[in-house]
Amino acid sequence: MTKTYAAFYLPPEKREEAIPDPKESRYIKDTLKAAWKNFKGDVSGTIRDYEDYFDEIGDNMDIQCGTAFTQRYAAGALSKIINGEAVTNKTMLDSLFNT
């Protein structure tokens, strides 16, 4: 008994490279860098070149997040986590509406 095989050729999709919004990306980068500078704990053995690291995170978050509101919420939450603060609905809403 012989087996029958089939194959389909799917041409590669042409995708445009996503480009982050400079304004929103800068906001995320600045927020995370400020949080890292304010961090009071021991950072030895962690991120050495945090400037480039947070630049890449800022660009990626801007490309992946759907809206500026989501980006600002995520950046604020990460900042609080970096500084060991609680991420609560009240603190996040206060920070979003006061900036």
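Nothing here was measured: the structure is a model prediction, and the numbers come from that model. (Residues numbered from 1 in each chain as written. Predicted model: local features only at pLDDT ≥ 70, side-chain atom pairs only at ≥ 80, totals over all residues. Heavy atoms only, no water.)

The next thing to look at is the nonpolar core. Residues I28, L32, A35, W36, Y50, F54, M61, A75 and I82 constitute the largest nonpolar core, which totals nine residues. For this core, the element with the most residues is helix α1 (residues 22-38), which contributes four residues. Apart from the residues within four sequence positions on either side, A35 is in contact with S79, I82 and N83. (Core = buried A, V, L, I, M, F, W, Y, C linked by side-chain atoms within 4.5 Å. Buried < 20%, exposed > 50% of the residue type's maximum accessible area, 1.4 Å probe, protein only. Helix = DSSP H or I, 4+ residues; strand = E, 2+ residues; numbered from the N terminus. Contact = heavy atoms within 4.5 Å.)

Residues at a pLDDT of 70 or more form 93% of the protein, whose mean pLDDT is 82. At the low end of the mean pLDDT range in the protein sits helix α4 (residues 89-97), at 76; at the high end sits α1, at 89. (pLDDT = per-residue confidence, 0-100.)

Here D62 shows up in helix α2 (residues 50-64). Within the local environment of D62, its side chain forms a polar contact with the side chain of Q71, the two groups lying 3.0 Å apart. Setting aside anything within four residues of it in sequence, one finds D62 in contact with P20, D21, E24, S25, I28 and Q71. (Polar contact = N/O pair within 3.5 Å; in protein donor to acceptor, adjacent residues only side chain to side chain.)

Enumeration according to the criterion identifies six salt bridges in this entry. A salt bridge links K29 to D59; the shortest N-O distance between them is 3.0 Å. Taken together, the residues K29 in helix α1 and D59 in helix α2 connect sequence positions 30 residues apart. Salt-bridge contacts for E51 lead to K33; the nearest nitrogen and oxygen are separated by 3.2 Å. Of this pair, E51 sits in helix α2 while K33 is found in helix α1, placing the two residues 18 residues apart along the sequence. Residue classification places E51 among the partly exposed residues on the basis of a relative accessible area of 32%. Each of K33, E51 and D55 takes part in salt bridges that share partners, so that together they form one network. (Salt bridge = Lys/Arg side-chain N within 4 Å of Asp/Glu carboxyl O.)

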